[in-house]
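Structure assessment
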Amino acid sequence: MVSFDRLPYIGKLTPFNKHVYVATGFSLWGMSKGMLAGMLLSDLILGVDNPWLKLYDSTRTTPFLTTESLKNNLEVGFHWVGDRLKGLENSSVTNVARGEAKLLTINGNKVAAYRNEQGELHAVSATCTHLGCIVNWNSAEKSWDCPCHGGRYSYDGKVLHGPPVKDLERYKV
């Protein structure tokens, strides 16, 4: 997770909290920024003046509407709408070969189907449980990946990586 200004939030949870602190938004730099957070938080708790506290202040105001955030949110919206318009005709699981995955529409439902090398079919809902985008097949990882927020599911619908916390619904086909 990353903040809008790309700096972590380190400090009091709110300006009114006296004993609740936060350190988040490390943007995959947890080892170094975690060490920084430990140093800043200990100084804050002990009342030691630290010139870096203001830069990383968790209660600082940050612009939430930037060109990049607007672009990213529009892209998510296009995915969400566009995915629902693709492949509206009914499909059949018989079209899924061994070692192949396809997005199908079965009785009006978007289905993510994968047939393993042994011929066993795994069919799950193609709708991400986070915010409802349609997942895509990742052939390198053999996983269903959400293009909107990066959620990943195993071929049989189990959550591998958040933000989703709920597995994809399984279909009996």
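Please refer to the structure placed before this passage.
Now for a description of the structure that goes with this document.

Each value, and the rule that gives it
Residues numbered from 1 in each chain as written. Predicted model: local features only at pLDDT ≥ 70, side-chain atom pairs only at ≥ 80, totals over all residues. Heavy atoms only, no water. Pairing = 2+ DSSP bridges. Helix = DSSP H or I, 4+ residues; strand = E, 2+ residues; numbered from the N terminus. Axes fitted to C-alpha atoms, helices over the stretch in contact; angles between N-to-C directions. Disulfide = S-S within 2.5 Å. Buried < 20%, exposed > 50% of the residue type's maximum accessible area, 1.4 Å probe, protein only.

In this section: the sheet that holds strand β8 (residues 152-154). Read from one edge to the other, the open sheet built from 4 strands follows the order β6-β7-β8-β9, with strand pairing classed as antiparallel. The open sheet terminates on both sides in strands that have one partner only, identified here as β6 (136-138) and β9 (159-161). Taking each pair of neighbouring strands and ignoring which way they run, the sheet shows an average axis angle of 35 degrees. In this sheet, strand β7 (residues 143-145) lies alongside β6 in antiparallel orientation, the contact comprising 3 bridges.

All told, the structure shown has 1 disulfide when counted by the stated rule. Residue pairing for C133: its cysteine sulfur links by disulfide to C148, the two sulfurs lying 2.0 Å apart. Between C133 and C148, the disulfide has an S-S torsion of -95 degrees and is therefore left-handed. Remark: C148 occurs in the loop between β7 and β8 and C133 occurs in the loop between β5 (121-125) and β6; sequence separation between them is 15 residues. Among the residues examined, C148 registers a relative accessible area of 10% and is labelled buried. In this model C128 remains outside any disulfide bridge; the closest cysteine sulfur is found in C146, 3.9 Å from its own. Judged by relative accessible area, which is 4%, C128 ranks as buried.

So, to be careful, I would describe these as geometric facts and stop short of saying anything about function.
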